[in-house]
Amino acid sequence: MSYDSYIFDLDGTLLNTLNDLAASCNYALRSYGMPERTVEEVRRFVGNGVRLLMVRAIPDGDNNPLFDKAYATFREHYLHHSLDTTAPYDGIEELIASLNAQGKHIAVVSNKFYEATQALVRHFFGESIKVAIGERPDIRKKPAPDTVLEALRQLNMPKETAVYIGDSDVDIDTARNCGMPCISVLWGFRDRQFLIEHGATTLVDNPVEITEI
């Protein structure tokens, strides 16, 4: 099977965003006198959007009376600090260049809020990736198929020749809900055993393998 469209998750797949997410999370927690979280805890909390990241990080989650303020503080801090340490994983820029050279269609879909998704994709990939969709009120986030189907609509491409690439169980479920094959990457936020336990069938150790599938 030769794929025409490649739909990528962002955090943990194209970009290593973990330390910046943890820094903004802890800034918000610290601002309201809450206990901070380790980077490994934040690694476990990510994948379902930043609101759920903060639900998991804040004591008593969104039942905490300070939740809304802390969440707003996280968002504001992250918008100004999302580039402090974030960078593409080794081999990602070469992968995107190779796919473009082959005339493939590329999009990013993320559960990260829309403004941050757009800003990060523009900053790191410019015109190499023209379609990037993040969390917004009018579209269901992953693992619902909506963002992926919207990306394919903007690409004007069918899902029958598309593949989805991600690093988490959310991504596996998203691909399944779209009726698309999934490539699970091993350099992201979840390990091999976790991905296999959650239904991964195709796993890659480095980006160049994606073009060989």
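Rules of the game
Residues numbered from 1 in each chain as written. Predicted model: local features only at pLDDT ≥ 70, side-chain atom pairs only at ≥ 80, totals over all residues. Heavy atoms only, no water. Helix = DSSP H or I, 4+ residues; strand = E, 2+ residues; numbered from the N terminus. Rg over C-alpha atoms; globule rule 2.2 N^0.38 Å. Contact = heavy atoms within 4.5 Å. Areas by Shrake-Rupley, 256 points an atom, 1.4 Å probe, with all protein chains shown as cover. Lys, Arg positive; Asp, Glu negative; His and termini not counted. Charge placed at Lys NZ, Arg CZ, Asp CG, Glu CD. Core = buried A, V, L, I, M, F, W, Y, C linked by side-chain atoms within 4.5 Å. Buried < 20%, exposed > 50% of the residue type's maximum accessible area, 1.4 Å probe, protein only. Salt bridge = Lys/Arg side-chain N within 4 Å of Asp/Glu carboxyl O. Pairing = 2+ DSSP bridges. Axes fitted to C-alpha atoms, helices over the stretch in contact; angles between N-to-C directions. Right-handed = clockwise from strand over helix to strand, strands pointing away.

K.L.:
Provide a residue-level description of the overall build of the chain, including the pertinent values.
P.N.:
If you tally the helices and strands in the chain, you get nine helices and eight strands. Over its C-alpha atoms the chain spans a radius of gyration of 17 Å, differing by no more than 12% from the 17 Å that the globule rule assigns to 213 residues. Dimensions along the principal axes, computed over C-alpha positions, put the chain at roughly 55 × 35 × 30 Å. Across the chain, contacts joining residues at least 24 apart in sequence account for 62% of those joining residues at least 6 apart. Surface exposure of the chain reaches about 9600 Å², of which carbon and sulfur atoms provide 48%. One way to put it: in the chain the 21 positive side-chain charges average out to a point 5 Å from where the 31 negative ones average out.

K.L.:
Account for the nonpolar core, with residues named and values stated.
P.N.:
If you look at the biggest cluster of nonpolar residues, it comprises 50 residues, and the most contacted ones within it are Phe8, Leu14, Met54, Phe74, Phe125 and Ile210. Examining the composition of this core, we find that six residues originate from one element, helix α1 (residues 18-31), more than from any other. Other than its neighbours up to four places away in sequence, Met54 contacts Cys25, Ala28, Phe67, Ala70, Tyr71 and Phe74.

K.L.:
Tell me about the pattern of salt bridges, and please be specific about residues and values.
P.N.:
Going through the model one piece at a time under the given rule, you end up with 13 salt bridges. Here Arg37 and Glu41 are joined by a salt bridge, their closest N and O atoms 3.2 Å apart. Look at Glu41 and you get buried, because its relative accessible area is 18%.

K.L.:
A description of the sheet that holds strand β7 (residues 182-185) should follow, citing residues and the corresponding values.
P.N.:
Strand order in this open sheet of six strands is β5-β4-β1-β6-β7-β8, and the pairing throughout is parallel. Because the sheet does not close on itself, it has two edges, and the strands there are β5 (131-135) and β8 (203-204). Bridging between strand β1 (residues 5-8) and strand β4 (residues 105-113) involves four bridges; their strand directions are parallel. Bridging across to β4, Ser5 finds its partner in His105. Across the face of the sheet, helix α5 (residues 92-101) comes into contact with β1 and β4 while running at roughly 155 degrees to β1.

K.L.:
Describe helix α7 (residues 146-155), listing the residues and the values that go with them.
P.N.:
Those residues of α7 not exposed but buried are Thr147, Val148, Glu150, Ala151, Leu152 and Leu155. Of the surrounding elements, those touching the buried residues of α7 are β1, β4, β5, β6 (162-166) and α8 (169-178). Remark: Asn156 follows α7 within two positions and exhibits a positive phi of approximately 60 degrees.

K.L.:
Can you break down the pairing of β7 residue by residue, with the values?
P.N.:
Judged by which residues are buried, β7 turns out to be covered on both faces: Cys182 and Ser184 on one side and Ile183 and Val185 on the other are all buried. Traced from β6 through α8 to β7, the parallel crossover comes out right-handed. Pairing between β7 and β8: two bridges, direction parallel. Opposite Val185, over in β8, you have Val204 as the bridge partner. With helix α9 (residues 192-197) bridging β7 and its parallel neighbour β8, the resulting β-α-β unit is right-handed.

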